[in-house]
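Here's the letter readout for the chains.
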Amino acid sequence: MLFLLAVVIGVLYGSAVYLLLRRNIFKLVLGLIFLGHATNLLLFVASGLTSGYPAFLRNIAGETEMMADPLPQALILTAIVIGLGVTAFALVLVYRFYSVTKTVDLDELSENE
Amino acid sequence: MTTGLFIALLILLAFLAPLTRKYLKNAAGWLYALLPLTGLVYYLSLLPDIIDGQVITETYAWIPVYGINFSFYVDGLSILFSAMVLGIGTFILIYANKYMHTYPMRSRFMGYLILFMAAMQGIVVSGNLITMFVFWELTSISSYMLIGYHHEKPESRTSALQALLITGFGGLALLGGFVLMGQPYGSYELSVLFSDPDLIRSGSLYLPALILVLLGAFTKSAQFPFHFWLPGAMVAPSPVSAFLHSATMVKAGVFLLLRLNPVMGGTEAWHIMLTAFGGFTMVMGAWLSISQTDLKKILAYTTVSALGTMVLLIGNGTQYAINAAIIFLLVHAMYKGTLFMMAGNIEKMTGTRDITKLGGLYTYMPLAAFIMTAALVSMAGIPPMLGFLGKELMYESKLMAPTVRYLLLAATFFTNMVLVFLSLRLSLDVFWGKTPQYAKTPKEPYFPLLLGPALLVMASLLLGALPGLLAGPFTAGAITATSPLHPALKLKLWHGFNTVLLLSFLTLLAGAILYRHKHAFIRFAEKINLKYFAREFSKGFYKAQNDFLVFTKLQTSRIQHGYHRFYLMTIFVVASALVWVVIWRADPIMLELNFADMPLNLVAVLALIITAALSAVVSHSRVIALVAMGVIGFGITIIFIAFSGVDLAITMVMVEVLMVILAMAVLYHLPKYTKYSDTGARMRDGLVAAVVGVFMMVLVLQAGTSQLDIPISEFFKDKSYSEAFGRNIVNVILVDFRALDTLGEITVIAIAAIGIFSMIKLTKK
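Residues numbered from 1 in each chain as written. Chains lettered and ligands numbered in written order. Predicted model: local features only at pLDDT ≥ 70, side-chain atom pairs only at ≥ 80, totals over all residues.

1. Digging into the overall build of chain B
Moving on, step 1. Secondary structure summary: chain B contains 31 helices and 2 strands in total.
Moving on, step 2. Seen through its C-alpha atoms, chain B measures out along the principal axes to roughly 115 × 60 × 55 Å.
Moving on, step 3. The buried share among the 765 residues of chain B stands at 47%.
Moving on, step 4. Across chain B, the fraction of contacts at a sequence separation of at least 24, relative to all contacts at a separation of at least 6, is 78%. (Helix = DSSP H or I, 4+ residues; strand = E, 2+ residues; numbered from the N terminus. Buried ≥ 20, exposed ≤ 12 C-beta atoms within 10 Å, placed from the backbone. Contact = placed C-beta atoms within 7 Å.)

2. Some remarks on the pairing of strand β2 (residues 68-74) of chain B
All names here are of chain B.
Moving on, step 1. Among the 7 residues that make up β2, 7 are buried, leaving the element largely enclosed by the rest of the structure.
Moving on, step 2. Burial along β2 is two-sided: the face carrying Ile68, Phe70, Phe72 and Val74 and the face carrying Asn69, Ser71 and Tyr73 are both buried.
Moving on, step 3. Pairing of strand β1 (residues 56-63) with β2, which is carried by 7 bridges, proceeds in the antiparallel orientation. In the strand pairing of β2, Glu58 is matched with Phe72.
Moving on, step 4. Connecting the antiparallel pair β1 and β2 is a turn made up of 4 residues, with Gly67 showing a positive phi of about 70°. (Pairing = 2+ DSSP bridges.)

3. Some thoughts on the environment of B:Leu77
Moving on, step 1. Relative to the assigned elements, B:Leu77 resides in helix α3 (residues 76-99).
Moving on, step 2. Aside from chain neighbours lying at most four places away, what touches B:Leu77 is B:Leu258, B:Arg259, B:Ala478, B:Ala481 and B:Thr482.

4. Some details on the packing of helix α3 (residues 70-101) of chain A against helix α30 (residues 729-737) of chain B
Moving on, step 1. Where α3(A) meets α30(B), the axes come as close as 9 Å, and the angle between the chain directions of the two elements is 55°. Between α3(A) and α30(B), the angle falls in the class oblique. As for the relative orientation of α3(A) and α30(B), their crossing is right-handed in sense. Contacts between α3(A) and α30(B) involve A:Pro70, A:Leu71, A:Gln73, A:Ala74 and A:Leu77 from the first element and B:Ile729, B:Val730, B:Ile733 and B:Leu734 from the second.
Moving on, step 2. Of the residues assigned to the contact of α3(A) with α30(B), the class counts are 8 nonpolar, 1 polar and no charged. (Axes fitted to C-alpha atoms, helices over the stretch in contact; angles between N-to-C directions. Parallel < 35°, antiparallel > 145°, perpendicular 65-115°, else oblique. Left-handed = near helix turned anticlockwise from the far one by under 90°. Nonpolar A, V, L, I, M, F, W, Y, C, P; charged D, E, K, R; others polar.)

5. Brief notes about the interface of chain A and chain B
Moving on, step 1. Listed per partner, the contact involves 76 residues of chain A and 88 residues of chain B.
Moving on, step 2. At the level of secondary structure, the elements contributing two or more residues to the side of chain A that touches chain B comprise α1 (2-20), α2 (25-46) and α3 of chain A.
Moving on, step 3. Residue composition of the side of chain A that touches chain B, grouped by class: 54 nonpolar, 16 polar and 6 charged.

6. What to know about the domain arrangement of chain B
Moving on, step 1. As assigned here, chain B comprises domain 1 (268-516), domain 2 (564-710) and domain 3 (711-765).
Moving on, step 2. Measuring from the centre of the C-alpha atoms in domain 2 of chain B to the corresponding centre in domain 3 of chain B gives 25 Å. (Domains from an automatic or database assignment.)

7. Concerning helix α15 (residues 319-350) of chain B
Residue and element names in this part refer to chain B.
Moving on, step 1. A rise of 1.5 Å per residue sets the reference length of α15, with its 32 residues, at 46 Å; its end C-alpha atoms lie 46 Å apart and thus fit the reference within 8%.
Moving on, step 2. The buried fraction of α15 amounts to 29 of the 32 residues, a majority that puts the element mostly inside the structure.
Moving on, step 3. A positive backbone phi angle near 85° is found at Gly351, which sits one or two residues after α15. (Expected span 1.5 Å × (residues − 1).)

8. With respect to the nonpolar core
Moving on, step 1. Judged by nonpolar contacts, the single largest core of 193 residues is most densely connected at B:Leu113, B:Ile114, B:Leu146, B:Met310 and B:Ala325.
Moving on, step 2. It is α15(B) that contributes the most residues to this core, 21 residues altogether.
Moving on, step 3. Counting residues in hydrophobic clusters, the runner-up holds 80 residues, among them A:Leu2, A:Val17, A:Leu19 and A:Val92. (Core = buried A, V, L, I, M, F, W, Y, C linked by C-beta atoms within 7 Å.)

Next up, the structure:
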């Protein structure tokens, strides 16, 4: 399973990089979103895969139980929410950018033009 | 204790002076001068103890691990320099306060001047090379402020910058030299260095260390080919020149050479380099001063020449040469400080310092004429002024020089002859002779402006007239400290009829003859200058500076091209190159393909994600890209569920829905995709993307096969219920253990929301 997940992460990163290198500003934001997804998944997979045991305490006596590692999940959860904030901001920025410049081509921003 | 406290007080005064100057007005100079005067008295009172080689040290730990301390080392050399810095400094503060009283920003000026004094005093009592470097740089910075005082004039700014760049470059070289010097000893303390002087001289680091240290000393002390910043620095107000460019700042390089003479000196490399650069600078400075007409420029070039003389004598290294160097150092500080102050006075009273427009001033300011002439007598080396002693010793040392004796003798003779010529010129042509039409009738300079020069000239006379009683003991400690093997010579005014006296007499005669034919001589010098010295060093420096700026601008425009995708591509390419190197070196991955743990439904989800990602990349339709984005998000949600990430899945569903709706709303306003890149660019980007994607994949496999401990999570598992009363550990972490992080997260979302809101509001207008 790990191998297949690794392929998925690789494809997500590859697509993210390709989209980031586009001139269209919307694709840039799309690439940003993909990059966030890929990284969240990377963290999740790297922390070890556990099927069917969420990080809930079933007995409160404190004996060691088998369960997924809670800490990476907490970190990813934070990352997802922050990612939402960043993406929402970026999307509206794209909207503003277009309404001001009337273009979605980032190269036209360059002062070298 | 005392030295550290004294320097701290000086620095404190530097910051207090700008605040208090406006309340104290004319009294300010006198009051501020009390501090250096106290220091002067204190250091002079140490003289009897110091004279037989005793040393007073103080150490304050700074970074002891690296052997870096604020330590102070007071010996005879320190006392001699302290006396010059604080003695002249006392008069300068009195002089400057009066001189600058009509200038704007005079309060700040006093602060800079005192700060400089503190830095300079710090150099001469430093007991640790790194301490010395710190003060050394502080003199460069404070002198930048002082030279650039008239900052509204472009000439002033460029000269200040030039001085800063040159001395700053030297300072960096010096730091390198100091670090190299410290290597064999494992310490930067002077006392450690002096305890085993041969360790560095016999080591392989000696030559590089020497070259770097000499770069520092030569730039500061205006040796060829760095000499040109000094005449340029004459744009500074006269109190600055009188202090920095006579006795202190420019002497810092000479001080460094004297200070390091016991450890670095005495070798062939030291001897050759100091003799060559010092000797050439001496002659060149004297020659270039002949045709100058600006009073301060003449003095600046003779200072260059005098500094060359000192470097030459130190390089010579014989008993006579070191004696001569120390005596001449003192002589020069006294007469040059006086002359610069008087040049300022003359400019103040007549409005010009061009000597072709001056003359007959004796009738207006007899006292000033007397003081300046006395200083010039010392410069010409005529008894009974101290200058005579300096010149005698100089000739004596040349007669006993180990190598190139006659060449050095001729160079010294020429230099002294020019000094005599200039002395006559500056005295006779300025104070006597034809009186030109002055804009306003000149009168005697005010008392505070004359006090310093008068006392310095008197001191010079006393020291010169009673050499055995005053000048001898005063300099003996410095000579012993500089060159432990050679004791100080007994100083006498009258040596009897010998070669040296004959040379002195011939020098005076030659100088007088030159003055008799001054017009022809100056015209001759100008003609040669035009022919051979037409290229000015400072112009060359400006050109190099400008070329460098043009070059950096070009290079910056190449690197900072303004295309976001090429910046990103650079990052990706460099990062993947680095990661690939690591992967290449790492152990090969043991890959077990176990089809049993690949449930078909999950494999289908993964296939869907991959398809969606690829179609988002290749599709020409925005809607497909949007749908693909949603598919990927929900696919990841399913992965989270499958591997026990329940909270993640719940959050992801909500976030993903929001994100797709928002993207849809924005996309509605955007134009359709246009094809911007050609096939070549797409191939190139595809290649970069593939390289990054593959290495991330390999990384995941590496991470999956290397299982580390999980110590941190155990803590949360233990305490989640017992301390925070929650069974869902992920939630407990977020709202309890790491609640502040979550607060930060909420803040980020709030800020993003405010940003979004304001951007949309702005559009409405």
